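Here is what each chain is made of, one letter per residue.
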Amino acid sequence: MPYELVVVANRLPVDLTLGPDGSLSWSRSPGGLVSALEPVMREADGAWIGWSGTADLESEPFDADGMHLVPVCLTTDEVEEYYEGFANDTLWPLSHDVISPPVYHRHWWETYRRVNRRFATEAARHAAPGAVVWVHDYQLQLVPAILRELRPDVRIGYFHHIPFPPLEIFAQLPWRRQVVEGLLGADLVGFQRSGDAANFVRVVRRFTDLTTRGPLVAVPGPDGTERQVRASAFPISIDSGRFDALARTQAVRDRAAEIRASLGDPQVMLLGVDRLDYTKGIRHRIKAFGELLAEGRLRVPEAVLVQVASPSRQNVEAYQQLREEVELLVGRINGEHGTIGAVPISYLHHSYPPEEMAALYLAADVMLVTSLRDGMNLVAKEFVAACVDDRGVLVLSEFTGAADELAGALLVNPHDIDGLKDAVERAARMDPREMRSRMRKLRRRVMSDDVRRWSQTFLRTLEAAPREPLA
Ligand code: F6P
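Caption draft 1: Molecular detail of the site of the ligand. The local shell around the ligand consists of Arg11, Tyr83, Asn88, Trp92, Asp137, Tyr138, Gln139, Ile162, Arg275 and Arg313. A distance of 2.5 Å separates an oxygen atom of the ligand from a polar side-chain atom of Tyr83. At 2.8 Å, a side-chain N or O of Arg313 approaches an oxygen atom of the ligand. Starting from 390 Å² of accessible surface for the ligand in isolation, the protein chains cover 65%. The leading source of residues in the shell around the ligand is helix H2 (residues 76–95), at three residues.

Below is the structure:
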């Protein structure tokens, strides 16, 4: 059955697993994209095309939580070359200031092309005549152009969740022109920040012969026609109401008190929550905390750090190396500054459900977001949404998309360890009146700007996108 709205993303909004008896079961994966798109999907009777998260798993389309899901099967080799390889060892570091050196392998590129074609073919099969197809993120940058070739009748939107690199860095990519042409298959290309959209337009001007005017690119179509592609910023948000509501429940409030008690009721609980990724500046933050302890500017057990580092992309070498480095550093600081019963850093290599996250946010006094580069950083917004008592300070890297929006945070350059230490100390000692006034400002922004509004704004802009030539 064809659908009026088709979402295409690397992952499905559920994880599929094969039981020992060969039966398939699914569980909801708690990503932000699901909560953003679920209401629109239900309303529009939409379908979601994506990978199940397990290699070699074949499954027919099925319905889950009122959504039509179409699994795309990836073989073990494809997971290695398309997902771990080209997406996460080439495009990911290239898009994050080459913090880790991008790896360029021609066979990874070939697999990326093949897998992108598979996603586009599924989208073409499931889209109704004139449907809207919304493609997500860097894993699928070739899908818009392939889909346009297969189905010129559909309206195609693409949203890039991560930073779009400056021209001088993007230029390294051996397949830079093909990637740009892939994206230009869309009618609307969305980015987190206006700087990302500007980078993209610069790259279009440099690597194609196309004409651009402001955010518009004129792309020749069949038979001498021309269409316009718009590149603009649509900063993503979170399901703010959900975190606010969770943080008001008695169960979460009790759990927050329990967390503080189990840490020895510190005066200052610092919190970091990240995927264990080299873009997040986890080592910089831990180093700064260690030096503050060494200099006696913070003391254990009055000040402690809880660092949640959820497992991520564990087959990629750069992630394995990061884990070793972080764990070595945590061990060293705990060894030097800990005493029996008083541990400076509680390091948790786990993922937690939203209820536990809300309790951690509510329990914390200071949230540390020190990314070296980050498309948006949703953790910063989740923390603010959970601070229902207007208590808590956000220390936020200026290299996140969130820094453009979150006035009220203490902005830091995480490379400047001394500056970072000063900001952490200032946050830890902040006068309650200043804290409240900053947090209120933050909450006004986060609570009014939620992810449903983001998806509606994107889809409305896509539907209104002009298709006629540039004047
Ligand atoms: O930020 C980009 C992103 O792909 C998110 O959409 C996702 O939540 C995160 O990175 C982790 O992605 P994955 O586990 O699929 O590699």
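Caption draft 2: How the structure looks around the pairing of strand S12 (residues 226–233). Where strand S9 (residues 188–191) and S12 come together, four bridges link them in parallel fashion. The residue bridging Gly190 from the neighbouring strand is Ser232, located in S12. Here strand S11 (residues 216–220) runs beside S12; their pairing, made up of five bridges, is antiparallel. Residue pairing in the sheet places Val217 in a bridge with Val229 of S12.

Caption draft 3: Layout of empty space enclosed by the protein. Following the criterion strictly, the structure yields two cavities of 30 Å³ or more and no others. Taken as a whole, the largest cavity holds about 40 Å³ of empty space. Per element, the largest residue contribution to the lining of the largest cavity is three residues, and it comes from H2. Classifying every residue of the lining of the largest cavity by side-chain character gives five nonpolar, three polar and no charged. Every residue lining the second largest cavity is listed: Gly392, Val393, Leu394, Gly408, Met430, Met435, Arg438, Met439 and Leu442. Mapped onto the lining of the second largest cavity, the elements with two or more residues apiece are strand S17 (393–397) and helix H15 (432–448). Top contributing element to the lining of the second largest cavity by residue count: H15, with four residues. When its residues are assigned to classes, the lining of the second largest cavity shows six nonpolar, two polar and one charged.

Caption draft 4: Spotlight on the pairing of S11. A large share of S11 lies buried, amounting to four of its five residues. What sits between S11 and S12 in their antiparallel hairpin is a turn of five residues, with Asp223 showing a positive phi close to 55°.

Caption draft 5: Spotlight on the packing of helix H10 (residues 282–294) against helix H14 (residues 417–428). Contact geometry for H10 and H14: axes closest at 9 Å, N-to-C directions at 70°. Here H10 lies roughly perpendicular to H14, going by the angle between them. Crossing of H10 against H14: the hand is right-handed. When H10 is examined against H14, the residues His284, Arg285, Lys287, Ala288, Glu291 and Leu292 are found in contact with a partner set consisting of Ile417, Leu420, Lys421, Val424 and Glu425. Considering only residue class, the contact of H10 with H14 consists of five nonpolar, one polar and five charged.

Caption draft 6: Up close: the domain arrangement of the protein chain. Domain boundaries in the protein chain define domain 1 (3–236 + 453–463) and domain 2 (240–448). Summed over both sides, the interface between domain 1 and domain 2 buries roughly 1800 Å², with carbon and sulfur atoms accounting for 56% of that surface. Of all residues in domain 1, Trp92, Ile99 and Arg193 bury the most surface against domain 2, accounting for 34% of the area lost on that side. A salt bridge links Arg373 to Asp97; the shortest N-O distance between them is 3.2 Å. Class assignment for the residues of the side of domain 1 that touches domain 2 results in nine nonpolar, six polar and five charged.

Criteria and cut-off values
Residues numbered from 1 in each chain as written. Predicted model: local features only at pLDDT ≥ 70, side-chain atom pairs only at ≥ 80, totals over all residues. Heavy atoms only, no water. Near = heavy atom within 4 Å. Polar contact = N/O pair within 3.5 Å; in protein donor to acceptor, adjacent residues only side chain to side chain. Areas by Shrake-Rupley, 256 points an atom, 1.4 Å probe, with all protein chains shown as cover. Helix = DSSP H or I, 4+ residues; strand = E, 2+ residues; numbered from the N terminus. Pairing = 2+ DSSP bridges. 1 Å grid on protein atoms, 1.4 Å probe; cavity = no way out; pocket = protein on both sides within 12 Å on 5 of 7 lines; lining within 4 Å. Points joined across faces, edges and corners; volume = space filled by probe spheres on them. Nonpolar A, V, L, I, M, F, W, Y, C, P; charged D, E, K, R; others polar. Buried < 20%, exposed > 50% of the residue type's maximum accessible area, 1.4 Å probe, protein only. Axes fitted to C-alpha atoms, helices over the stretch in contact; angles between N-to-C directions. Parallel < 35°, antiparallel > 145°, perpendicular 65-115°, else oblique. Left-handed = near helix turned anticlockwise from the far one by under 90°. Contact = heavy atoms within 4.5 Å. Domains from an automatic or database assignment. Buried area = accessible area lost by both parts, 1.4 Å probe. Salt bridge = Lys/Arg side-chain N within 4 Å of Asp/Glu carboxyl O.

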